[in-house]
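Coordinates in review
Here are the chains, one letter per residue:
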Amino acid sequence: MINSGDTIALRLAYTYASLNTYWLSCTTTSCGYSTCPGTLITSSEWTSCSANMRFLIRAMNKMDGQPINSGDTVSIVSIAYGSEYRLRCDTSTSYKCRVISNAVDGTPLQYGDIVALKYPFGGRMRWLYYDSSYYYARDCSANTKSYCARHRYPMINSGDTIALRLAYTYASLNTYWLSCTTTSCGYSTCPGTLITSSEWTSCSANMRFLIRAMNKMDGQPINSGDTVSIVSISYGSEYRLRCGASTTYKCRVTS
């Protein structure tokens, strides 16, 4: 039985002759196959095989250790590159499957993606950024979003309720969530890891927002690169997240 959080390897189902030693192997540019003499990844023979052939499998809305069922939505995490790198494919026949850490602009967000929120009036390099207990619009590499990123909830559509958690989840930091008032944005803690959990009933409404994409109706999927508005649930539909290009201006919700 496979549980969420297990280490797995994916072998070709077509096992004629030597093909039973062909396993999925992924880098940041493409996925191909590599050979390994072992038929089970728990065998001693696998100690000599590439880490690019080993992955963690995590199921949406399940804790590590819970069984994965047929039909569950899962994320395939690279062991070789680390927890931020997940298997991504595309319907384009020219796009090679690979492991990447950032959402690809113009494509739908997928479960487990790391995304960043760019401030549209501050130029290419202004992103929502956490510093000394407050959030600002600060410089951040457009190609390396993880320093300014927040984890998202799976399958985001325009009009969804969201919460934004620190991507840096060392120790207790995985309980730090964006929390905004009309004077500043900082962080608050909440014991839940999903905003749909019962634990969130005790958490501040300042940590919950509506996300709406420009030129999209509620219910339509939001793609990486879309321009969005972050609406405060606590203060009402007229209050939206606003940041400033000034490094001293604290992000806040204003009407």
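The preceding data block contains the structure.
Figured I'd write up the structure that's included with this text. (Residues numbered from 1 in each chain as written. Predicted model: local features only at pLDDT ≥ 70, side-chain atom pairs only at ≥ 80, totals over all residues. Heavy atoms only, no water.)

1. Considering the state of the cysteines
Tallied over the entire structure, the rule returns 5 disulfides. Each disulfide pairs two cysteine sulfurs, and for Cys26 the partner residue is Cys31, the sulfurs being separated by 2.0 Å. In this structure, the disulfide formed by Cys26 and Cys31 twists by about 110 degrees around the S-S bond and is classed as right-handed. For Cys26, a relative accessible area of 1% gives the class buried. Here Cys89 connects covalently by a disulfide to Cys97, the sulfurs 2.0 Å from one another. Between Cys89 and Cys97, the disulfide has an S-S torsion of 120 degrees and is therefore right-handed. (Disulfide = S-S within 2.5 Å. Buried < 20%, exposed > 50% of the residue type's maximum accessible area, 1.4 Å probe, protein only.)

2. Notes on unusual backbone geometry
Even without a glycine there, the phi angle at Asn215 is positive, about 65 degrees. Within the secondary structure, Asn215 is located in the loop between β16 (209-213) and β17 (228-232). Relative accessible area serves as the criterion here: at 77%, Asn215 is assigned to the exposed category. (Helix = DSSP H or I, 4+ residues; strand = E, 2+ residues; numbered from the N terminus.)

3. Some words on the packing of aromatic side chains
Counted under the stated rule, the structure contains 4 aromatic pairs. Judged by centre distance (5.6 Å) and plane angle (35 degrees), the ring pair of Tyr235 and Tyr239 falls under tilted. Relative accessible area serves as the criterion here: at 25%, Tyr239 is assigned to the partly exposed category. Across from the ring centre of Tyr95, 4.2 Å away, lies the NZ or CZ of Arg98, which sits over that ring. Looking at Arg252, its charged tip hangs above the ring of Tyr249, at a distance of 4.3 Å from the centre. (Phe/Tyr/Trp six-rings, centres within 6.5 Å; stacked < 30°, edge-to-face > 60°. Lys NZ or Arg CZ within 6 Å of the ring centre and 35° of its normal.)

4. Structural notes on the pairing of strand β15 (residues 185-189)
Looking at chain direction, strand β14 (residues 176-180) and β15 are connected through 5 bridges and run antiparallel. Bridging from a neighbouring strand, Tyr176 pairs with Thr189 of β15. Two successive antiparallel strands, β14 and β15, enclose a turn made up of 4 residues. (Pairing = 2+ DSSP bridges.)

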